[in-house]
Amino acid sequence: MSGVEPQALPASVAPPRGRGRRSSVRGWRRGDQLIFVLAWTAGLGLCLVAGAIVIFLGVEGLRYLDPKLLVTSPSAAVDQAHSGGFLDPLIGTLTMAVLGTLIATPLAVLTAVWVVEYGRPHWLAAVVETSIEMVAGTPDIVIAIFGLAFFQLGILAPFSFRASGGGVYGRSFLAAGIMMSLLALPLTYTATRNGLRAIPRQQREASFALGKTRAATIRSVLLPSLRPDIATGATLGLGRIVGSTAIIVLLLGATLQNSPQNSVPLLGFLRGTGSTLTSYIFFNSPAGEGNAPQKAYAAAFVLLLIVLGLNWIVGRVSRIGAGAALNAGRMAR
Amino acid sequence: MFDRLRQPWSDDRAERVLGAVACLTAIAIVLMVVFVAERAWPTFSHEGLSWLGSGGSLDSQVNAMVNTSANPPASAFFLRAWPLIYGTLLTAGFAVIFGLAISLATAIFIVDFAPRPVARAMAPVIRLLASIPSVVYGLIGILVLVPFVGNNLITQGEKASVANVIELTGAGLLVSVVILTVMITPIMTALITDALGSVPRSWHEGAVALGLNPLRATIAVSLRAVRPAIIAAAALATARAIGEAIVIDMVSGGNAFTPKPQDGVIFFFEPLRTLASEIIDQSENISEPALRSSIYAFALLLMFSGFMLSIGSRLVRRPLRKYELSN
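Computed from a predicted structure; not experimentally measured. (Residues numbered from 1 in each chain as written. Chains lettered and ligands numbered in written order. Predicted model: local features only at pLDDT ≥ 70, side-chain atom pairs only at ≥ 80, totals over all residues.)

Asks: Please explain the overall build of chain A as it appears in this structure.
Replies: Along the backbone of chain A there are 13 helices and zero strands. In chain A, the succession of α and β elements from N to C terminus is α-α-α-α-α-α-α-α-α-α-α-α-α. Counting the 333 residues in chain A, one finds 52% classified as buried. Considering only residue pairs separated by 6 or more positions, chain A has 71% of its internal contacts joining residues 24 or more positions apart. (Helix = DSSP H or I, 4+ residues; strand = E, 2+ residues; numbered from the N terminus. Buried ≥ 20, exposed ≤ 12 C-beta atoms within 10 Å, placed from the backbone. Contact = placed C-beta atoms within 7 Å.)

Take a look at the structure:
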């Protein structure tokens, strides 16, 4: 793993093969020909599925998406014509994205820097690496339910509020945002770590030779050249935060409208409950209580646009290939 | 007072501060285990390991837990979680098997067959499929696939034959597996394609020079070299499949039935619940003490499966590092 440079594209994606071989498929054994057909089917099938999803959501979304939906708050109504728009979920998604990324990015970058540049004692570095892989492998529903138990501790009441019975409610933007950062952390960490490992040793040695300490080298030499990796990781993390539903349903209360806890400008809002686009879609699907498919399609279309935008940014920003970027996150859920 | 902070940090200080930050993740894992296990404890202390077994209707057991008193007696914790475990294994198992086959075929397609522009276009396509939020997949499942299966694939006769036990609406095993497969295939494909890309070109060329056709060379040399990466990819995909809550809750039907293979074709249309989807489904009743403990017990099971799979995939990937085939 040391010294493997991330390439513009994985070599596999652009195989420099001669042309003659492909024409010789006719001469292959039957089994090989079958695999040949299956491979083409699978590859084109995936493209077809992706295309179908985007086109379907685009058509349905544009049919039901009324610009008014973006600026009106949702309200409880049986009739889809009167149940309002999704201004509040949109704000909720934005808040979650900002909160989660603000918490996760510094944590992930500092952790990666410590593991690669210091990493002593060795066993502790191994524990940290394993912990991050464990966080990456933990289903978000488990993270959500852990967050619920955690933020219902009496001592953590300032993060949410006390319910009428006296118990801590444990659901708020702050609580959800902190747990969301756990989703983004492994993605940002892995991207940063791989970036650090790709920086040649000589660059550090040159800095040391000029009399800089390790800490100063990290700050003025390593971190600036890591910017693309950090941006890639943070954007991948952002994608996961925006797409997570379980944490919202369990930890944000998934109320129809964002309901601030008190009138204190920002803090009251962050301590209150609310919803995001994902929980709004869930609520308005036939599985939820709202059951307003038209609203769900419109919101899903907006969410898809956000995800496509993030994807586009990852493609532009990242130095590593698309597959490698996914690999960096291990699992962009 | 902040002057000290503005000055360049000494090495010692930077190491200590960064080290402390790095430990936070490990602390989070410990806290997660402690908190979830603590709340799940009443269930396991009252029910023991027979909790994992089968017996009775899970839905009625769960319903009986709603509206118990604040200090429920031991009998209130009665639950047999097997239907959920079975549902989890069934959906994740099918999805991973199908997903693995599709992603292997796709990886071979990208590496060996696809013309250059197509291969290049595959990367954003896979990235897109991987990043579509699960609730969007669930929405398409419940609004498109479920009605399609319910109206076209299930006959009236089949619906009538089981009408006194369950209602076949189309939501069930088949749709759950299809959606899960679409969700986990891109991750596996990306991981396997990446691993194949890191196999030295010369290994493959050597095999071709020995007379294998390019496909055989890929199968015999490249795929074999990255076997650990394939297993690791499958493990990570399994972790995602067992933990998927929202989608399964949307498309798996109304109750915690255990689909029975001896039912023939109907097997694929029968409803089910998984551990994760039951947590979402019962999240409104989480303030009921007995039910809360059961929900945390489901989460504990999921958490440990997730841990095992990530540690397992880490161990499996280890041999790859020797040849610098893994990053």
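After that view, the rundown keeps rolling.
Asks: Teacher, can you tell me more about the nonpolar core here?
Replies: As a rule of thumb, nonpolar side chains are buried together in soluble globular proteins. Within the largest apolar cluster, 201 residues are counted, with the highest numbers of intra-cluster contacts made by I145, I281 and A300 of chain A together with V36 and A299 of chain B. Per element, the largest residue contribution to this core is 16 residues, and it comes from helix α8 (residues 173–197) of chain B. Each of domain 1 (24–64) and domain 2 (70–329) of chain A accounts for three or more of the residues forming this core. Setting aside residues up to four positions removed in sequence, I145 of chain A forms contacts with L250 of chain A together with V36, I279, I295, Y296 and A299 of chain B. (Core = buried A, V, L, I, M, F, W, Y, C linked by C-beta atoms within 7 Å. Domains from an automatic or database assignment.)

Asks: Before we go on, may I ask you to explain unusual backbone geometry in this structure?
Replies: Note: most peptide bonds trans; most residues except glycine with negative phi. Following R120 of chain A, the chain continues into P121 of chain A via a peptide bond in cis, with omega recorded as -10 degrees. Tracing the backbone shows P121 of chain A in the loop between α2 (87–118) and α3 (122–137).

Asks: It is not clear to me how the confidence of the model for chain A should be interpreted in this structure. Could you clarify?
Replies: Close inspection of predicted coordinates is inappropriate for parts of the model with low pLDDT. Residues and elements named next belong to chain A. Here chain A shows a mean pLDDT of 83. Residues at 70 or above account for 87%. The least confident element of chain A, judged by mean pLDDT, is helix α13 (residues 322–329) at 43; the most confident is α2 at 94. Predicted confidence for residues 1–16 stays below pLDDT 50, and this span has 43 contacts to residues more than four positions away or in other chains. Across residues 321–333 the pLDDT falls below 50, and counting only partners more than four positions away or on other chains, this stretch makes 60 contacts in the model. (pLDDT = per-residue confidence, 0-100.)

Asks: Any chance you could explain the interface of chain A and chain B here in plain terms?
Replies: How large an interface is tends to be reported as the accessible area lost when its parts come together. At the junction of the two partners, chain A supplies 87 residues and chain B supplies 94 residues. Sort the elements by how many residues they give to the side of chain A that touches chain B and helix α1 (residues 30–64) of chain A lands first, with 13 residues.

Asks: Where do I start with the packing of α1 of chain A against helix α12 (residues 293–317) of chain A in this structure?
Replies: To describe two helices that pack against each other, one gives the angle between their axes and the distance between the axes. All names here are of chain A. Axis separation between α1 and α12 bottoms out at 8 Å; the angle between their running directions is 120 degrees. With respect to each other, α1 and α12 are oriented oblique. Seen from above, α1 lies across α12 with left-handed handedness. For the pair formed by α1 and α12, the contact residues are L57, G58, E60, G61 and Y64 on the first element and Q294, Y297, A298, A300, F301 and L304 on the second. Its residues assigned to classes, the contact of α1 with α12 shows seven nonpolar, three polar and one charged. (Axes fitted to C-alpha atoms, helices over the stretch in contact; angles between N-to-C directions. Parallel < 35°, antiparallel > 145°, perpendicular 65-115°, else oblique. Left-handed = near helix turned anticlockwise from the far one by under 90°. Nonpolar A, V, L, I, M, F, W, Y, C, P; charged D, E, K, R; others polar.)

Asks: Help me understand the domain arrangement of chain A, please; the structure alone is not making it clear to me.
Replies: Residue and element names in this part refer to chain A. Taken domain by domain, chain A holds domain 1 (24–64) and domain 2 (70–329). Taking only C-alpha atoms, the centre of domain 1 and the centre of domain 2 are 32 Å apart. On the side of domain 2, six residues touch domain 1, which itself brings five residues to the contact.

Asks: Just to check I follow, could you spell out the confidence of the model for chain B for this structure?
Replies: All names here are of chain B. This prediction gives chain B a mean pLDDT of 87; 95% of its residues lie at or above 70. Helix α1 (residues 3–6) is the least confidently modelled element of chain B, averaging 62 in pLDDT, while helix α4 (residues 82–113) averages 93, the highest of any element. Reported confidence for the predicted complex is 0.90 by ipTM and 0.87 by pTM.

Asks: How do you make sense of the environment of P72 of chain B when you look at a structure like this?
Replies: Residues and elements named next belong to chain B. The residue P72 is located in the loop between α3 (58–65) and α4 in this model. Overall, P72 belongs to the partly exposed group, with 17 C-beta atoms counted inside 10 Å. What P72 contacts, discounting residues up to four positions off in sequence, is F77, P289 and A290.

Asks: So what exactly am I meant to see when it comes to helix α7 (residues 214–225) of chain A here?
Replies: Residue pairs three or four apart in sequence face the same way in an α-helix, which turns once every 3.6 residues. Between its first and last C-alpha, α7 of chain A extends 16 Å over twelve residues, near the 16 Å set by a 1.5 Å rise per residue. Three or more residues of α7 of chain A are buried, namely A215, T217 and I218 of chain A. Looking down the long axis of α7 of chain A, one finds its buried residues gathered within 135 degrees of arc, a one-sided arrangement. Exposed and facing more than 90 degrees away from the buried side of α7 of chain A are S220 and P224 of chain A. On its buried face, α7 of chain A sits against α2 and α6 (201–209) of chain A together with α2 (11–47) of chain B. (Expected span 1.5 Å × (residues − 1). Arc of directions from axis to C-beta.)

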